[in-house]
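For reference, the chains in residue letters:
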Amino acid sequence: MIESPFQPFNTTDIKYEPRDVFALVMISRSSGGASGVLGTAVHEAFVNAHHEVLGLSHTRPGEGLVQLDLTNQEEVEKVFTDFKPNWVIHCAAERRPDVAEKDPEGTRIATKCASACSPGFPVEKVVLYSGIHLHWFDRQLKSDFDDDHLQVFIDYVFDGTSPPYTPSSPTNPLQSYGQSKRDGELAVLAVNGASAIVLRVPVLYGPAPKNSDSAINILLDVVQDQSGKVYKMDHYATRYPTNVLDIAQFLVRLSGYKGFIPPILHYSAAEPYTKYEICLVFAKILNLPHGHIIPDAQPPTGPGATTRPRDCQLYTRETEDLHIGENGDASLGLSLFEEWWTRHLKN
């Protein structure tokens, strides 16, 4: 197991203006950048907060988005030179554990690119989201760029055997997916002179063009499939699904925070669900039978099975103690799962 090597830093002398320039970028083949589920939410949140935003996407360029492949260094340098952003929020890398297990090298390339391409960019803040992680670099006005960064990772950096996990808990990923996130985290932290903040989040849900864009949203398709097909559904691993809209608003508030920030923060909803239990919630909201969904309480086994941690609950007290809720309180601004989906599906 690897101990977290992070050092705290103080941001009291950093001044944030609401017109700071932000850019959203992505690097991998499968991630959405500013057009993905989280990227879209973050993009819209900063636009609505009256920041000047450049949205970037590789595979899904659309209205208001510029196409860019971050693995092409020449293209990236041109965009940064032309736009001159103060901040960069990077939404990238592989979000699906199954795919990461089948293509570990491709996943690692995306993570390495996220950590390697950023420190040299002449920007004040770089926020990189890679598979659910961000790197935040604070540029000093000199040629060698001393870097401070915020990095957001998934809860799969833990093995799921001893929840809840505090920010100081040692990481111990069980599969290539979690290892790639842990390795990306360590790679960024290895930047000479960098001070780091890590924000870890669990599985995500929220508005999406396709249900398949989210590991939670796609369960709607399972519930709505009344063709007679039988689905075996995971009833082993406990998850804490968190809304991307909540994370986006939290990042907007965090970007303006001027106090001391702990070295690691956790952001997570508190409601526990297995995938099977989520299906039951969807069936209740949609008033559909769910007899075709069979609970499977056994850990994944057999050829091709992807090992998953059983319970990676994230302890969020340190984040709450920042008091950067909408009203300056300790609230994280978290949606209730069934309540949000009831409202969303009835609209």
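The structure we're discussing is the one just above.
Procedures and definitions
Numbers given to residues run from 1 along each chain, matching the order in which its sequence is written. Thresholds applied to this predicted model are a pLDDT of at least 70 for local features of residues and 80 or more for the giving and counting of side-chain atom pairs; totals over whole chains, interfaces and linings are not thresholded and use all residues. Side-chain figures throughout are based on the complete set of non-hydrogen atoms in the structure, without hydrogens or water. Only DSSP runs of H or I covering at least 4 residues are called helices, and only runs of E covering at least 2 are called strands; the numbering of each starts at the N terminus. We call a residue buried when its accessible area falls under 20% of the maximum for its residue type, exposed when it is over 50%, and partly exposed in between, using a 1.4 Å probe and counting protein chains only. Pairs of N or O atoms are called polar contacts if they sit within 3.5 Å, as long as, within protein, a hydrogen donor faces a hydrogen acceptor (for residues adjacent in sequence, only side-chain-to-side-chain pairs). Side-chain atoms within 4.5 Å are what join buried Ala, Val, Leu, Ile, Met, Phe, Trp, Tyr and Cys residues into a set we call a nonpolar core. Just to be clear on terms, a salt bridge is a Lys or Arg side-chain nitrogen sitting within 4 Å of an Asp or Glu carboxyl oxygen. Here an angle of 0 to 180 degrees is reported between the N-to-C directions of two axes, which are lines fitted to C-alpha atoms, with helices fitted over the stretch in contact. Should an angle fall under 35 degrees it is called roughly parallel, over 145 degrees roughly antiparallel, and 65 to 115 degrees roughly perpendicular, with every other angle called oblique. Handedness of each helix crossing follows the sense of rotation of the near helix against the far helix: counterclockwise by less than a right angle gives left-handed, clockwise gives right-handed. Note on contacts: a residue pair is in contact if any heavy atoms of the two residues lie within 4.5 Å. Gly counts as polar in this scheme, as do all residues outside two lists: the nonpolar Ala, Val, Leu, Ile, Met, Phe, Trp, Tyr, Cys and Pro, and the charged Asp, Glu, Lys and Arg.

Examining the side chain of S214
Working step 1: Assignment of secondary structure puts S214 in the loop between β10 (204-205) and α6 (219-224).
Working step 2: Judged by relative accessible area, S214 falls into the buried class, the value being 4%.
Working step 3: Only 3.1 Å separates the side chain of S214 from the side chain of N217, close enough to count as a polar contact.

Notes on the nonpolar core
Working step 1: Residues L199, I247, F250, L251 and Y267 are the most contacted members of the largest nonpolar core, which totals 24 residues.
Working step 2: For this core, the elements supplying multiple residues, two or more each, are α1 (37-48), β9 (195-201) and α7 (244-255).
Working step 3: The element that contributes the greatest number of residues to this core is α7, accounting for 7 residues.

Regarding the pattern of salt bridges
Working step 1: Scanning the model with the defined rule gives 5 salt bridges in all.
Working step 2: One salt bridge connects K284 with E338, and the closest N-O pair in it is separated by 2.9 Å. Of this pair, K284 sits in helix α8 (residues 275-286) while E338 is found in helix α10 (residues 337-346), placing the two residues 54 residues apart along the sequence.
Working step 3: One salt bridge in this structure joins D321 and R317, with 3.0 Å as the shortest N-O distance.
Working step 4: Overall, the relative accessible area of 44% leaves R317 in the partly exposed class.

Here we look at the packing of α1 against α7
Working step 1: Two numbers describe how α1 lies on α7: the axes approach to 8 Å, and their chain directions differ by 45°. Classified by the angle between their axes, α1 and α7 sit oblique to one another. Taken as a pair, α1 and α7 cross one another with a handedness that is right-handed. Facing V37, L38, A41, V42, A45 and F46 of α1, the residues of α7 in contact are V244, L245, I247, A248, Q249, L251, V252 and S255.
Working step 2: Residue composition of the contact of α1 with α7, grouped by class: 12 nonpolar, 2 polar and no charged.

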